[in-house]
Every structure is written in structure tokens, then in C-alpha cells.
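# Fold and geometry: a report
The primary structure of each chain is shown beneath.
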Amino acid sequence: MTAGIMELFDAGKKGRGLRAKKEINTGEVLFAEPSYAAVVFNSLASQVCHSCFRRQANLHRCAQCRFAHYCDRTCQTACWEDHKQECAAIRKLGTAPNENIRLAARLLWRRNKDQGLASDSQLVAADQLQDHIKDLPEDELKKLATDVKNFLRYWSCGTKQHPAEYISHIFGLIKSNGLTLPDQRGLQSAGLGLFPNLSLINHDCWPNCTVALNHGNQSAVSSTLHSPLRIELRALGKISEGEELTISYVDFLNVSADRQKQLKERFHFDCSCDHCSQHISDDLMAAAAEGKPSADVVKEVTAFSKETLEKVEKARKDGDHSQVLKLCQECLEKQENVLADTHLYKLRVLSVLPEVLSYLRRFAEAAEYAGKMVEGYTKLYHPNNAQLGLALMRAGVAHWHAGLVEVGHKMICKAYRIMMVTHGPNHSITKDLESMRSQTEVELKVLKENVLDMKNLPMTSSSSADENMKDFLRKQ
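Notes on the structure in this doc start here. No experiment lies behind these values; they were computed from the predicted model shown.

## Quick word on the overall build of the protein
Within the protein, the regular secondary structure consists of 15 helices and 12 strands. Since a compact globule built from 476 residues should have a radius of gyration of about 23 Å, the 25 Å found for the protein is in line with a globular shape. Taking the principal axes of the C-alpha coordinates as reference, the protein spans close to 90 × 60 × 50 Å. By the burial criterion, 47% of the 476 residues in the protein qualify as buried. Long-range contacts, defined here as pairs at least 24 residues apart, represent 67% of the contacts in the protein between residues at least 6 apart. Working note: accessible area of the protein is about 24,300 Å², and carbon and sulfur atoms make up 49% of it. Side-chain charges of the protein comprise 61 positive and 59 negative groups, with the mean position of each set lying 5 Å from the other.

Here you go:
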């Protein structure tokens, strides 16, 4: 926690909150917080390191429980303090329970080790966070009761036992405060973690801060120089002294009513931020095309798009790329001249198409659709939103691979500027962008030099010169 930069305060109806004690600059790190407890999703247990949460090939498996996997012995050693009791519990049970149960157990093992006290860097003890159990619907309460029952079978902490009511409280606070952790590329969720200080920051659909996961560094020769997995809170713009710090709990790319519904169901509060109360950007996200098609046509295409996107998601999970491509192209054709380029359903199709086309190595088409996606995102997202940065990165790479190096370079540069704010210079995504920026810059320089050289060649027929240029670009 950065001393003197923020303070805990009573945020009225929102409960506790954090506010700035001094003016904060764009991109400044307000605090970095190691996870209190974190686990990899069961479905990715053999693909993601259980210490640093990086997705890797050929991970080293724990020889005892045969469930946990690590980059190498260094990551395994760094994680042993967190894993040793989990390891024994998995061996005793014979299988690993779901991630919620494993996270609850890790939280309690950590709490018992700390004797229930918050460390100097914690503003609140982990088990003092809100659980919102009283707000849960009946079906969620049944799931919670099942988790508690399975947890008690799994728990193997010796003499320290806890009543079922307290275990329920732990599951409730995980549901309300657990943070989904991405892999090192930021493209896929890899696990779940709890960060007590972060949990004190309230939501705003157009926040002044953003959260990035720093996967740490275990590569130093001396273990004393290793840095742990941690989240970093960064300012998206200038923040005034006394201003409340906010983050977004949900993706902004939804109309305000849908965002409010998500927040109510997951976090149990009614969002009254400016963007929700004033319905800012709702008109763009549900806009019809400029040709002003009839309301019935818009309704029909919207329903078709929703149904098709559900089919697309199923095809993606099945790995059926040809079906994904077919569905997306059919949907875009139906949306043409009916839905605006900022319509949510059109943007969701446009976000999938470049991915599948790039996989099929049809880069020119991927670049075209990625460019349209970025245009829509730019009109809707905060200029320093990480999702916009990732979209620019993907679009830049698609243009680069399509041979449109100059356009790709500009997009990669824009993505780099955003990620410097949201993730900082040491994050793997930012480093990848820096590398791509350097490569495209070199390629642009080579292209320009060769174009100048070709201009200085002896005069040839126009068609011959065109063929020479095309041949050169193909080789590049």
C-alpha cells in the first residue's frame, strides 16, 4: 500500500470507500497488493502455473497431489507455503474440489496462520469483507450449502475447526469480492483471487482507476529479488485530492439497464453512476443504421443477432472455426444497413471474426473487420480503457500480417500508449507491444528505403514497375 496517497472513508450508501489524499497523475500506481489467496480454475489446472498464473506449455506437475502445475521448480518453491496444506487435503480426499472450495480453504489456512489479524499493509481483515448472503436467491443459497458440505469433507487443518455458519460467510465474501484473474496475455480468465484492499474500492461504470494483474517475476537468480503475483491499481486520468477512487466491476460495453442487472445480481447494489442514471451511450449501443430501417426490421435483426451469437459461442467452445466463420458472416450480412456500427451485437460479431479469420490465415479480411471493431470501440470506451487497448493490439497485428504495415504500426503504437497507462512498462502485454512496435518501425523503414530505391531504377513500362512493386511487397 502506498503511504499517504489514499485513505478509507465513509462513502454513504455505498458503504466504505477509498479516496485520494493528494492529486494523482495518469498512469500512476496507487497501490500494488499481493493476493491474500488465489487459485487456478480447475479446467485450466494443467495449463496455467499455480504460482504466477502464466499460461505455459509443458508445466511441471506436483509429484504429491498431481493436481497443481508450475512453470518450474522456482515457481513451485515460491508457492509451497500456500500449497502444502492444499496438497495434503487433495491427497486425503483423492481429488481436487472446485475452485471456490479451494479458495475458501486457502483463505482460512492463511487466516489461521495470521491468527485472524490484518497485516500492516491491509486496511481490513479478509474475513471482515461483506458477504451479502442475505441477498442471495434460493438457488444460490442451495449451491452455497452444497459447497459448505463439500468444504467440510475437504478441510484438513488439524485441530482448528470452524462452524458451518462461518464457512458460509467465507463463501459469501468470495462470491461478492472474488476477482477473476487473467493469464499473462490478458485474453483469457485463468483463476480466482481475493484482494482485501481492492475490495474496498467502489464501482463506477466510467471509473477513474483500473486494475491490472502483475504476474510477478520468479526468474531472478536470488530468490530475495523475486516479486509475487499482485494486482496494481492505476489511475486512468488525473484524480483530484479528495476524489473517490473507483473501478468498474463489469464491462462497460452493455446498455445501462443490462449493466445494472449484472451488478444487482452479482454484487447486490443498484448502480446510480452518471452513465447509468443518464443512460450515456445507450443510444449508440442500440442504434439503427443511418438509413433508418423500420422498427420491426431492427427488432427482427436484433433477435436474429442475439440467437446467432449464442450459436457462435457454442461453436467457439467446440473449436468449430468454419461454423464460427459461417455464422458470423451470415449475421453481419443480416445486420448490414439495419444496425449501426456501434450496435452491441454488431461489435460482438466484429470482435469474433478477426480472431477466426486470423486463425485461418485470412489476414486481409481479419484486418478489415478488426478495423471496423476498433472504430466502434473508440466511440464507446474510455480512451484509456484496457479493452480498447487490447482491441487495437489485435487489429494492429492483423493489419501487420496482412502487409498493411503502416496502419498496423499506428494501431500498435496507440495500443502501447493505452497499456502504458493501464498496465505499466513491465507487464508482459506492454513488453510484447514494445517489441511489435520496434519490429513494425524497422519494417516501415525498410519498405520506405526500398520504395525510394525502386523510384531511382531506370524507367520501365508502367505494368512492369507495378509487378516489381507487388513482387517486392509479397516478399516482405
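## Examining a positive patch on the surface
Together, Lys410, Lys414, Arg417 and Lys448 line one region of the surface with positive charge. Mapped onto the fold, lysine 414 is located in helix 13 (residues 405–422).

## Observations concerning the sheet that holds strand 11 (residues 230–235)
Read across the sheet, 3 strands follow the order 3-11-10 without closing on themselves; strand pairing throughout is antiparallel. Of all strands in the sheet, those with a lone pairing partner are strand 3 (29–34) and strand 10 (209–214), marking the two edges. Averaged over all pairs of adjacent strands, the angle between their axes in this sheet comes to 20 degrees, without regard to strand direction. As judged from the 5 bridges shared by strand 3 and strand 11, these two strands associate in the antiparallel manner.

## Quick word on the sheet that holds strand 7 (residues 179–182)
Strand-to-strand pairing in sheets goes through backbone hydrogen bonds, with the strands running parallel or antiparallel. Pairing within the open sheet is antiparallel, and its 3 strands lie in the order 4-8-7. Both edges of this open sheet fall to strand 4 (37–40) and strand 7, since each of them pairs with a single strand only. Between one strand axis and the next, the sheet turns through 30 degrees on average, direction left out of account. As judged from the 4 bridges shared by strand 4 and strand 8 (residues 189–194), these two strands associate in the antiparallel manner. Along strand 8, the bridge assignment pairs alanine 38 with glycine 193.

## A closer look at the environment of alanine 288
Summarising the element assignment, alanine 288 is placed in the loop between helix 7 (282–285) and helix 8 (295–318). Judged by relative accessible area, which is 33%, alanine 288 ranks as partly exposed. Considered as a pair, alanine 288 and arginine 91 are 197 residues apart in the sequence and their alpha carbons are 57 Å apart. Those residues in contact with alanine 288, other than ones at most four positions away along the chain, are Pro293, Val298, Val338, Leu339 and Ala340.

## Describing the nonpolar core
In this structure, Phe151, Leu233 and Leu245 are the most contacted members of the largest nonpolar core, which totals 70 residues. The leading source of residues in this core is helix 2 (residues 99–113), at 7 residues. In this structure, Leu332, Val352, Ala366 and Ile412 belong to the second largest nonpolar core, which totals 59 residues.

## A closer look at unusual backbone geometry
One non-glycine residue, arginine 66, adopts positive backbone phi at about 60 degrees. If you trace the backbone, arginine 66 turns up in the loop between strand 5 (60–61) and strand 6 (69–70). A positive phi angle, near 55 degrees, is found at lysine 292, a position not held by glycine. The residue lysine 292 is located in the loop between helix 7 and helix 8 in this model. Exposure remark for lysine 292: the relative accessible area of 73% places this residue in the exposed category.

What counts and how
Residues numbered from 1 in each chain as written. Predicted model: local features only at pLDDT ≥ 70, side-chain atom pairs only at ≥ 80, totals over all residues. Heavy atoms only, no water. Helix = DSSP H or I, 4+ residues; strand = E, 2+ residues; numbered from the N terminus. Rg over C-alpha atoms; globule rule 2.2 N^0.38 Å. Buried < 20%, exposed > 50% of the residue type's maximum accessible area, 1.4 Å probe, protein only. Contact = heavy atoms within 4.5 Å. Areas by Shrake-Rupley, 256 points an atom, 1.4 Å probe, with all protein chains shown as cover. Lys, Arg positive; Asp, Glu negative; His and termini not counted. Charge placed at Lys NZ, Arg CZ, Asp CG, Glu CD. Patch = residues over 30% accessible without salt bridge, like charges linked within 9 Å, V, L, I, M, F, W, Y side chains within 5 Å. Salt bridge = Lys/Arg side-chain N within 4 Å of Asp/Glu carboxyl O. Pairing = 2+ DSSP bridges. Axes fitted to C-alpha atoms, helices over the stretch in contact; angles between N-to-C directions. Core = buried A, V, L, I, M, F, W, Y, C linked by side-chain atoms within 4.5 Å.

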